[in-house]
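What the coordinates show
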Amino acid sequence: KKPMDEHSHVSLHAIKGNITHANDKSCAVSGYRQGELIGANHRILSTGNQLKDYWKNMYLTVSKGGIWNDEVCNKAKDGQLYWVDTTIVPDYDEDNKLRGYISIRTDISHQKDIISRLADAKKQAEVANESKNDFLANMSHEIRTPMNGVIGMTNLLLDTPLSPEQKNFATTVKYSAESLLIIINDILDYSKIEAGMLDLEPIKFDLGELLHALSSSMSIQAPKQD
């Protein structure tokens, strides 16, 4: 009994719910003196958030010899709320008649606080991730618009009379712009992957043309040899 009194809130209740005993742990956590608890109804610790059917179910379970367990939010004398893992068992007299019930509670307020903080952090992370995805999608769209303009004007330029060197420069501009557009689309695809909205689409490509475009764009950055 002593170890239980040191670590659990233990109280005895009459059939109608009046408290007949409360250990020191119950008093310390609730803020009530024993004289204030003994004789009072168990509703003195209630937050009022549980419906009548909630406690009725508890009473029916215990009155039939069952064990009732749940996580309950209680209210201390100063109005502060605290959570307890509550187990309630029937209390019988010498004639094996039900005279009330025994409530054994363990304070889980700290665990509840951690769970609540984790839930809040998860929600904030989801909001931040959604904002990031929206930003990537908007930026990709804003950059694609002028890039399409660059590609379109370069195509028009290639349709005009150009010297071989000018045509090579214009072609490189076009390939570079198209490569940048691919990168922008990849960024948008990345945001779609995180959002679980990416659709895969098989597209044929010319490997020779791809390598030519890559070598053309890289050749500009290569140092010229005299």
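Attention here is on the structure that accompanies the text. (Residues numbered from 1 in each chain as written. Predicted model: local features only at pLDDT ≥ 70, side-chain atom pairs only at ≥ 80, totals over all residues. Heavy atoms only, no water.)

Structural notes on the pattern of salt bridges
Opposite charge on two side chains allows them to pair when their charged atoms are near. The test is simple: Salt bridges, as used here, are contacts in which a Lys or Arg side-chain nitrogen is within 4 Å of a carboxyl oxygen on Asp or Glu. Under the scheme used here, helices are H or I runs from DSSP no shorter than 4 residues and strands are E runs no shorter than 2 residues, and both carry numbers assigned from the N terminus. Three labels apply to residues, based on accessible area from a 1.4 Å probe with only protein chains included: buried if under 20% of the type maximum, exposed if over 50%, partly exposed otherwise in between.
Within the structure shown, the criterion is met by 6 salt bridges. Between K77 and E36 there is a salt bridge, with its nearest N and O atoms 2.7 Å apart. With K77 in the loop between β3 (68-75) and β4 (81-92) and E36 in helix α3 (residues 34-37), the pair connects residues that are 41 residues apart, well separated along the chain. Here E36 falls in the partly exposed class, since its relative accessible area comes to 23%. Measuring nitrogen to oxygen at the nearest pair gives 2.8 Å for the salt bridge that ties K112 to E71. Taken together, the residues span a long stretch of sequence, with K112 in helix α5 (residues 109-158) and E71 in strand β3 at a distance of 41 residues. Among the residues examined, E71 registers a relative accessible area of 37% and is labelled partly exposed. Beyond isolated ion pairs, a larger network of salt bridges with shared partners links R33, E36 and K77.

Quick notes on the packing of aromatic side chains
For the record, the criterion: Centres within 6.5 Å make a pair out of two Phe, Tyr or Trp rings, where for Trp the six-membered ring is used; the pair is then stacked when the planes are under 30 degrees apart, edge-to-face when over 60, and tilted otherwise. Placement of a charge over a ring requires the Lys NZ or Arg CZ to be within 6 Å of the ring centre, with the centre-to-atom vector within 35 degrees of the ring normal.
Inspection of the entire model under this criterion finds 3 aromatic pairs. Ring centres of Y54 and W55 lie 5.0 Å apart, and the angle between their planes is 85°; on these two criteria the pair is classed as edge-to-face. On the numbers, 5.6 Å between centres and 85° between planes, the contact of Y54 with W68 is edge-to-face. Taken together, the residues Y54 in helix α4 (residues 52-63) and W68 in strand β3 connect sequence positions 14 residues apart. Taken together through their ring pairs, the aromatic side chains of Y54, W55 and W68 make up a single cluster. Over the aromatic face of W83 sits the side chain of K112, whose NZ or CZ is 4.4 Å from the ring centroid.

Remarks on the pairing of strand β1 (residues 9-14)
This is how the line gets drawn: A strand pair is defined by DSSP finding two or more bridges across the two strands.
Two elements, β1 and strand β5 (residues 98-107), share 6 bridges in a ladder whose sense is antiparallel. Bridge pairing in β5 places L12 opposite I102. Pairing geometry for β1 and strand β2 (residues 19-22), over 3 bridges, is antiparallel. Across the sheet, L12 pairs through a bridge with H21, a residue of β2. In this antiparallel pair of consecutive strands, β1 and β2, the connection spans 4 residues, and G17 shows a positive phi of 100°.

What is shown is where atoms sit, not what they do.
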